Amino acid sequence: MSRTGKTYQRFAFADKIILTRRDIISQQISVEENDVAVVMTHNYFDDYNIIKFLLPTKISYLGVMGSKNRIAKIIEDLNPTKTQLEKLYSPIGLDIGADTPAEIANSIISEIQAVSSKRNASFLKYRSQPLHQKYDVQQKQVITPKQRLKVED
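Residues numbered from 1 in each chain as written. Predicted model: local features only at pLDDT ≥ 70, side-chain atom pairs only at ≥ 80, totals over all residues. Heavy atoms only, no water.

1. Re the pattern of salt bridges
Two side chains that carry opposite charge are able to pair once their charged atoms sit near each other. Taken as a whole, this structure holds 4 salt bridges when the rule is applied. Of the charged contacts, one joins Arg22 and Asp46 as a salt bridge, the two residues approaching to 2.7 Å between their closest N and O atoms. Residue Arg22 is located in the loop between helix 1 (3-10) and helix 2 (25-28), and its partner Asp46 is located in helix 3 (residues 44-54); the two are separated by 24 residues in the primary sequence. Given a relative accessible area of 22%, Asp46 falls into the partly exposed group. Here Arg70 ties to Asp47 by a salt bridge, and the two come within 2.0 Å at their closest N and O atoms. (Salt bridge = Lys/Arg side-chain N within 4 Å of Asp/Glu carboxyl O. Helix = DSSP H or I, 4+ residues; strand = E, 2+ residues; numbered from the N terminus. Buried < 20%, exposed > 50% of the residue type's maximum accessible area, 1.4 Å probe, protein only.)

Structure follows, in structure tokens:
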């Protein structure tokens, strides 16, 4: 079986798979405002060129896997603006003690969710604000704790 066939089998649930090269990526990928990307190619020049392409786009999250030294070198070589640097995450993922591939994936997905929802990922038990958006009182009936006690009696 060809390498391409194995790639499609490996990511069978993916909506779309694009096999590309760094020199033509801009011709194959368009980036929208709410898009996110995670980059890891095991090749400095591939990572550099992909990040160089993605940084000026409207991408909301650009995560880069790899060593701190490697990403520091890429940042130094690219000299991104402050706005570009704010959407660049490396190392990626939340510090949840992840070791296995599944745990690492969960930490990355959790970080992307936090960034996308403009939240600072932290323990919910320390959150003083409501967890979810408040409902418009005219649309939903709000029951106070006192009213709830009367209903349960």
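2. Some thoughts on the sheet that holds strand 1 (residues 36-39)
On the basis of which strands lie adjacent, the open sheet formed by 3 strands has the order 1-2-3 and parallel pairing. Two strands close off the open sheet at either side, each with one partner strand: strand 1 and strand 3 (88-89). Here 2 bridges tie strand 2 (residues 61-64) to strand 3, and the two strands are oriented parallel to one another. Across the sheet, Gly63 pairs through a bridge with Tyr89, a residue of strand 3. Taken strand by strand, helix 3 contacts strand 1 and strand 2, and its axis lies near 165° from that of strand 1. (Pairing = 2+ DSSP bridges. Contact = heavy atoms within 4.5 Å. Axes fitted to C-alpha atoms, helices over the stretch in contact; angles between N-to-C directions.)

3. Description of the pairing of strand 1
Of the two faces of strand 1, only one is covered, namely that formed by Ala37 and Val39; the face formed by Val36 and Val38 stays uncovered. Relative to strand 2, strand 1 runs parallel, the two sharing 4 bridges. By the bridge assignment for strand 2, Val38 is matched with Gly63. On the question of chirality, the crossover connecting strand 1 to the parallel strand 2 by way of helix 3 is right-handed. (Right-handed = clockwise from strand over helix to strand, strands pointing away.)

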